[in-house]
Amino acid sequence: DTEVTQTPKHLVMGMTNKKSLKCEQHMGHRAMYWYKQKAKKPPELMFVYSYEKLSINESVPSRFSPECPNSSLLNLHLHALQPEDSALYLCASSQEILGTAINEKLFFGSGTQLSVL
Amino acid sequence: AQSVTQLDSQVPVFEEAPVELRCNYSSSVSVYLFWYVQYPNQGLQLLLKYLSGSTLVKGINGFEAEFNKSQTSFHLRKPSVHISDTAEYFCAAMNTGFQKLVFGTGTRLLVSP
C-alpha cells in the first residue's frame, strides 16, 4: 500500500462549525505533514509531525489544530474558520522527516477541498 | 532562505512537441531539487529529484531535468509530450539539513492536439 488517503474529499462548513480532516497511511512512515494550497498557488507547509510529535508549526492560526493519534493517522481539527481559509488541504508522509535521510520523498494524498461559507 | 522561481506560469505546446519548463533556485549551497506534477483534483506526485551525482536526472513518464550549479537552474524537459501530460508542474528545493521543502509558484503545461 503506497497511498496516503484523505477524507473527506470535499467539505463545506460554516464559520461556526467544528469539523475534522483525516489522513491515513500504512507505509510505516514516521513523518506526516499538512499543507494548504490555494487555487493556482503552490502548497504551503502548515504542520509537520515526526514520530507522532509536532515538529514544525509554521505559525498557523489556532483555529487549525493538528493531532497525531498514532503513527498511521493525522487529523486536522477545524473551528471558527474564515472564508479565506477555503483551500485544498493536502496531507503528505515520508519515511523520516525531510532533511534527515538522503533518499527522502514526500507521498501526497489527493487532498480535501474545503469551502468555508 | 531558499526560494524557487518558475518564471512561466503557463506553457502551451502541441502534442508530440518537445517542452522545457524552467526553474531557478536561490541558494546553491548543498541543495536538493525536485519536480512534482499535480493533475486536476489530485495531490502532488514526484517526477524526479536531484540529490547528488550526475547532473542529468531521469524521472517517470519520460521527463528529465538537468542540474546546473553555475546557473542555479533545474529545468525540466520532455522530448515529446502527450495530451495526458497536461497538468501543473511544481519545482521544489530543500537545503540539506533543513526540514522544509520550498515550492515554486508552478507552471501549467497545456498540451493540445
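Residues numbered from 1 in each chain as written. Chains lettered and ligands numbered in written order. Predicted model: local features only at pLDDT ≥ 70, side-chain atom pairs only at ≥ 80, totals over all residues. Heavy atoms only, no water.

Peer 1: How do you make sense of the nonpolar core when you look at a structure like this?
Peer 2: Across soluble globular proteins, you tend to see nonpolar side chains buried next to one another. By size, the foremost hydrophobic cluster in this structure holds 29 residues, and its most contacted members are Trp35(B), Leu48(B), Phe74(B), Leu76(B) and Tyr89(B). Of all the secondary-structure elements, those providing two or more residues to this core are β2 (10-14), β3 (19-21), β5 (31-38), β6 (44-50), β8 (64-68), β9 (73-78), β10 (87-95) and β12 (107-112) of chain B. Apart from residues lying up to four places away in sequence, Leu48(B) is in contact with Leu33(B), Phe34(B), Trp35(B), Val57(B), Lys58(B), Gly59(B), Phe63(B), Glu64(B), Ala65(B), Phe74(B) and Leu76(B). Formed by 24 residues, the second largest nonpolar core is a distinct cluster that contains Val48(A), Ile56(A), Leu51(B) and Ala92(B). (Core = buried A, V, L, I, M, F, W, Y, C linked by side-chain atoms within 4.5 Å. Buried < 20%, exposed > 50% of the residue type's maximum accessible area, 1.4 Å probe, protein only. Helix = DSSP H or I, 4+ residues; strand = E, 2+ residues; numbered from the N terminus. Contact = heavy atoms within 4.5 Å.)

Peer 1: Explain the sheet that holds strand β7 (residues 64-70) of chain A to me, please; I cannot follow it from the model alone.
Peer 2: Two strands in a sheet stick together by hydrogen bonds in their backbones, pointing the same way (parallel) or opposite ways (antiparallel). Residues and elements named next belong to chain A. One open sheet accounts for four strands, arranged β1-β3-β8-β7; its pairing is antiparallel. Each having just a single partner strand, β1 (4-7) and β7 make up the two edges of the open sheet. Mean inter-strand twist for the sheet, computed between neighbouring axes without regard to direction, equals 20°. With seven bridges connecting them, strand β3 (residues 18-25) and strand β8 (residues 73-79) associate as antiparallel partners. By the bridge assignment for β8, Lys19 is matched with Leu78. (Pairing = 2+ DSSP bridges. Axes fitted to C-alpha atoms, helices over the stretch in contact; angles between N-to-C directions.)

Peer 1: Would you explain the side chain of Ser94(A) in this entry?
Peer 2: With respect to the element layout, Ser94(A) can be found in strand β9 (residues 87-94). Residues contacting Ser94(A), with those up to four places away along its chain left out, are His29(A), Arg30(A), Ala31(A), Tyr33(A), Glu104(A), Lys105(A) and Leu106(A).

Peer 1: What's the story with the interface of chain A and chain B in this structure? I'm lost.
Peer 2: Put simply, an interface is often sized by how much accessible area is lost when its parts join up. On the chain B side, the residues contacting the 23 residues of chain A number 21 residues. Here chain A and chain B share an interface that buries about 1,700 Å² over both sides, 58% of which is from carbon and sulfur atoms. The interface formed by chain A and chain B holds one salt bridge in total. Here Lys100(B) and Glu58(A) are joined by a salt bridge, their closest N and O atoms 2.8 Å apart. Across the chain A-chain B interface, the total number found is two residue pairs in polar contact (both at pLDDT 80 or more). Counting residues per element, the ones that place at least two in the side of chain A that touches chain B are β4 (31-37), β6 (53-57) and β9 of chain A. Tallied by class, residues from the side of chain A that touches chain B come to 12 nonpolar, six polar and five charged. (Buried area = accessible area lost by both parts, 1.4 Å probe. Salt bridge = Lys/Arg side-chain N within 4 Å of Asp/Glu carboxyl O. Polar contact = N/O pair within 3.5 Å; in protein donor to acceptor, adjacent residues only side chain to side chain. Nonpolar A, V, L, I, M, F, W, Y, C, P; charged D, E, K, R; others polar.)

Peer 1: Just checking my understanding: could you explain the layout of surface pockets for this structure?
Peer 2: Any space left empty among the atoms is revealed by the rolling of a water-sized probe across them. The computed volume of the largest pocket comes to approximately 630 Å³. Lining of the largest pocket is provided by 26 residues; of these, Gln37(A), Ala39(A), Lys40(A), Gln38(B) and Asn41(B) occupy positions nearest its centre. Mapped by element, the contributors of at least two residues to the lining of the largest pocket are β9 of chain A together with β10 of chain B. Partitioning the lining of the largest pocket into residue classes produces six nonpolar, 14 polar and six charged. (1 Å grid on protein atoms, 1.4 Å probe; cavity = no way out; pocket = protein on both sides within 12 Å on 5 of 7 lines; lining within 4 Å. Points joined across faces, edges and corners; volume = space filled by probe spheres on them.)

Peer 1: Help me understand the pattern of salt bridges in this model?
Peer 2: For side chains of opposite charge, pairing can occur when their charged atoms come near one another. All told, the structure shown has 10 salt bridges over all chains when counted by the stated rule. For Lys58(B), the salt bridge is made with Glu64(B), and the minimal N-O distance between the two is 2.8 Å. Taking relative accessible area as the criterion, Lys58(B) reaches 61% and is therefore assigned exposed. In this structure Glu64(B) comes out as partly exposed when scored by relative accessible area, which is 22%. Shared partners join several salt bridges into a network, and the residues in it are Lys36(A), Arg63(A) and Asp85(A).

Peer 1: Is there a simple way to think about empty space enclosed by the protein in this case?
Peer 2: Residue and element names in this part refer to chain A. This structure, assessed with the given rule, holds one cavity of 30 Å³ or more. Of the volumes computed, that of the largest cavity is approximately 50 Å³. Taken together, His29, Arg30, Ala31, Met32, Tyr49, Tyr51, Glu52, Cys68 and Ser71 form the lining of the largest cavity. By residue class, the composition of the lining of the largest cavity is five nonpolar, two polar and two charged.

Peer 1: Where do I start with the side chain of Glu88(B) in this structure?
Peer 2: Residues and elements named next belong to chain B. Checked against the element boundaries, Glu88 lands in strand β10. Buried and unpaired, Glu88 has no salt bridge, with Arg108 as the nearest side chain of opposite charge at 4.2 Å. A distance of 3.5 Å separates the side chain of Glu88 from the backbone nitrogen of Thr107, its partner in a polar contact. (Lys, Arg positive; Asp, Glu negative; His and termini not counted.)

All quantities given are derived from atomic positions and should not be read as evidence of function.
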